[in-house]
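Summary of structural features
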Amino acid sequence: MNATSKALGLIFGAYLLTGCATTPAVDADGAFTELPEPLVGLAAPYQNLNKVRLDPNDSCFWYMHNGPV
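What counts, and at which threshold
- Residues numbered from 1 in each chain as written.
- Predicted model: local features only at pLDDT ≥ 70, side-chain atom pairs only at ≥ 80, totals over all residues.
- Heavy atoms only, no water.
- Helix = DSSP H or I, 4+ residues; strand = E, 2+ residues; numbered from the N terminus.
- Buried < 20%, exposed > 50% of the residue type's maximum accessible area, 1.4 Å probe, protein only.
- Phe/Tyr/Trp six-rings, centres within 6.5 Å; stacked < 30°, edge-to-face > 60°.
- Contact = heavy atoms within 4.5 Å.

1. As for unusual backbone geometry
Leaving glycine aside, a negative phi is the common case for residues, and trans is the common case for peptide bonds. In the Ramachandran plot, Ser-59 falls in the positive-phi region, its phi being about 60° despite a non-glycine side chain. Inspection of the secondary structure puts Ser-59 in the loop between strand S1 (53-55) and strand S2 (60-62). Assessed through its relative accessible area of 55%, Ser-59 is described here as exposed.

Quick look at the structure:
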């Protein structure tokens, strides 16, 4: 196998893997309809995870909170 065919194989493999990434579904308000598992695991039990959004400005997850802070 020469260097050219190895390079083409790597490029083709990377191209195929890009199809594996999915964009999470959001509702009309921009909140996730299904949360990533790591986020669910990190959230406190009292946090309302019904309206979680990902802020594109800081790449942080934001969620709705009602009540005292």
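2. Quick notes on the packing of aromatic side chains
What the rule picks out here adds up to one aromatic pair. Centre to centre, the rings of Phe-32 and Phe-61 are 5.8 Å apart; their planes meet at 45°, and the pair counts as tilted. Separated by 29 residues along the polypeptide, Phe-32 in the loop between helix H1 (3-18) and helix H2 (37-42) and Phe-61 in strand S2 bring together distant segments of the chain. By relative accessible area, Phe-32 is classed as buried at 9%.

3. A short note on the environment of Val-40
Checked against the element boundaries, Val-40 lands in helix H2. Judged by its relative accessible area of 38%, Val-40 falls in the partly exposed class. If we skip the residues at most four places from it in the chain, Val-40 touches Leu-35 and Leu-49.

Interpretation note: all reported values are geometric properties and have no functional meaning in isolation.
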